[in-house]
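For reference, the chains in residue letters:
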Amino acid sequence: MRKKALITGITGQDGSYLAEFLLEKEYEVHGIVRRSSSINTCRIDSFYQEPQDPERRLYLHFGDLNDASSINRIIRTVHPDEIYNLAAQSHVKVSFEIPEYTSEVTGLGTLRILEAIRETGLKTKFYQASSSELYGRTEQVPQSENTPFRPVSPYAVAKLFAYWTTVNYRESDGMFACNGILFNHESPRRGETFVTRKITRAVARIKFGVQDKLYLGNLDSKRDWGYAKDYVEAMWLMLQQERPDDYVIATGETHTVREFMVEAFDYAKLDHRKYVEIDQRYFRPLEVNILQGDASKARKLLGWKPRSSFRELVRLMVEADIEVLERAKEHELLEK
């Protein structure tokens, strides 16, 4: 019998890659999506089978992490072997503007899932998407599973609540519950408001003459950037172990926003000095200067390691955004 997996945030970057990964492993995959007046399944359209397809193994359910009843109903209906909680209000700067909503979804949403698991009595395995933003302004570099947390944004504080809630249910209720502390991971499926995708998309648009300038914030922030497609394998590996635990997933390398930007422009044979300007609106109220992960535990116990280099990641994203505009141009849809 096939294993069943339930993914919250299935239409996001990580959720779509994870769904693809699990389908390749012959899972039956169920995803939770919020009701919207606009279609937001573009990241999974390429492998989402039609309802009448006899080979169909991907199912979508309407639900919301703000709504405990819908979460409970879906878990009771699906009876998943594994649950991956990837849904969140995940934009750090936006979390300062909508802190209550961020806390409700990113923090309490995790509690609602874990409580639904406890109430139903299902022996399901649970993965919580934690974040390197938990470390915030910690003075320890690199950061490991033993590094003290020091969150400095509403998003990070909500993730901290979710992290310790996961640990609490594991220790008090005996649940198989894991935290994956993933450092920054990007891809062509990254949301357009995140700095990496904002850069690569702007590079493509500038190259095609449909954008004149790129406005950025702090170029000196250092991040540990990996490829999201590599990282979803680590999520799965955590739930295949004999015992639940928490793991840092990272490349161990840091690069500044400036390095990412220069690499992207250089690859497209553009002079970034002609197009990039600094805008104070894109600075965070509290900046996190450096995040660098130590994933030695994951390497040793999970056998996981990143497959893609920083340069490969940047070029992959630039190429993907250029290809999007090339297709648009072919169909005469490209407008300034």
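Every value quoted in this text rests on a predicted model; they were computed, and no experiment measured them. (Residues numbered from 1 in each chain as written. Predicted model: local features only at pLDDT ≥ 70, side-chain atom pairs only at ≥ 80, totals over all residues. Heavy atoms only, no water.)

1. Considerations on the overall build of the protein
When its secondary structure is counted, the protein shows 10 helices and 13 strands. Scaling as 2.2 N^0.38, a compact globule of 336 residues should have a C-alpha radius of gyration of about 20 Å, and the protein matches this with 20 Å. On the principal axes, the C-alpha backbone points of the protein span a range of 60 × 55 × 40 Å. Classification of the 336 residues of the protein by burial places 53% in the buried group. Residue pairs in contact within the protein that sit at least 24 positions apart in sequence constitute 80% of those at least 6 positions apart. Accessible area of the protein: about 16100 Å², with a carbon and sulfur share of 47%. Charge-centre separation for the protein: the mean point of 48 positive side chains lies 1 Å from the mean point of 50 negative side chains. (Helix = DSSP H or I, 4+ residues; strand = E, 2+ residues; numbered from the N terminus. Rg over C-alpha atoms; globule rule 2.2 N^0.38 Å. Buried < 20%, exposed > 50% of the residue type's maximum accessible area, 1.4 Å probe, protein only. Contact = heavy atoms within 4.5 Å. Areas by Shrake-Rupley, 256 points an atom, 1.4 Å probe, with all protein chains shown as cover. Lys, Arg positive; Asp, Glu negative; His and termini not counted. Charge placed at Lys NZ, Arg CZ, Asp CG, Glu CD.)

2. A few points about the nonpolar core
In terms of nonpolar packing, the biggest core is built from 62 residues, with Leu 22 and Tyr 84 touching the most fellow members. Examining the composition of this core, we find that 8 residues originate from one element, helix α7 (residues 228-238), more than from any other. Setting aside residues no more than four positions away along its own chain, Tyr 84 makes contact with Ala 5, Leu 6, Ile 7, Thr 8, Leu 18, Leu 22, Tyr 127, Met 235, Trp 236, Leu 239 and Gln 240. Core analysis: the second largest hydrophobic core is formed by 19 residues, Ile 71, Ile 83, Ala 87 and Phe 126 among them. (Core = buried A, V, L, I, M, F, W, Y, C linked by side-chain atoms within 4.5 Å.)

3. What to know about the environment of Glu 277
Within the element layout of this structure, Glu 277 appears in strand β13 (residues 276-278). Remark: the alpha-carbon pair of Glu 277 and Arg 190, spanning 87 residues in sequence, is separated by 22 Å. Setting aside its immediate chain neighbours within four residues, Glu 277 contacts Lys 213, Leu 214, Tyr 215 and Leu 216.

4. Considerations on the packing of helix α8 (residues 257-267) against helix α10 (residues 310-330)
Direction vectors running N to C along α8 and α10 enclose 55 degrees, while the axes themselves pass 9 Å from each other. Our classification of the angle between α8 and α10 gives oblique. The element α8 and its partner α10 pack so that their crossing is right-handed. Contact with α8, carried on its side by Glu 259, Phe 260, Glu 263, Ala 264 and Tyr 267, involves Phe 310, Arg 311, Val 314, Arg 315, Met 317, Val 318 and Glu 319 of α10 and no other residues of that element. The class makeup of the residues in the contact of α8 with α10 is 7 nonpolar, no polar and 5 charged. (Axes fitted to C-alpha atoms, helices over the stretch in contact; angles between N-to-C directions. Parallel < 35°, antiparallel > 145°, perpendicular 65-115°, else oblique. Left-handed = near helix turned anticlockwise from the far one by under 90°. Nonpolar A, V, L, I, M, F, W, Y, C, P; charged D, E, K, R; others polar.)

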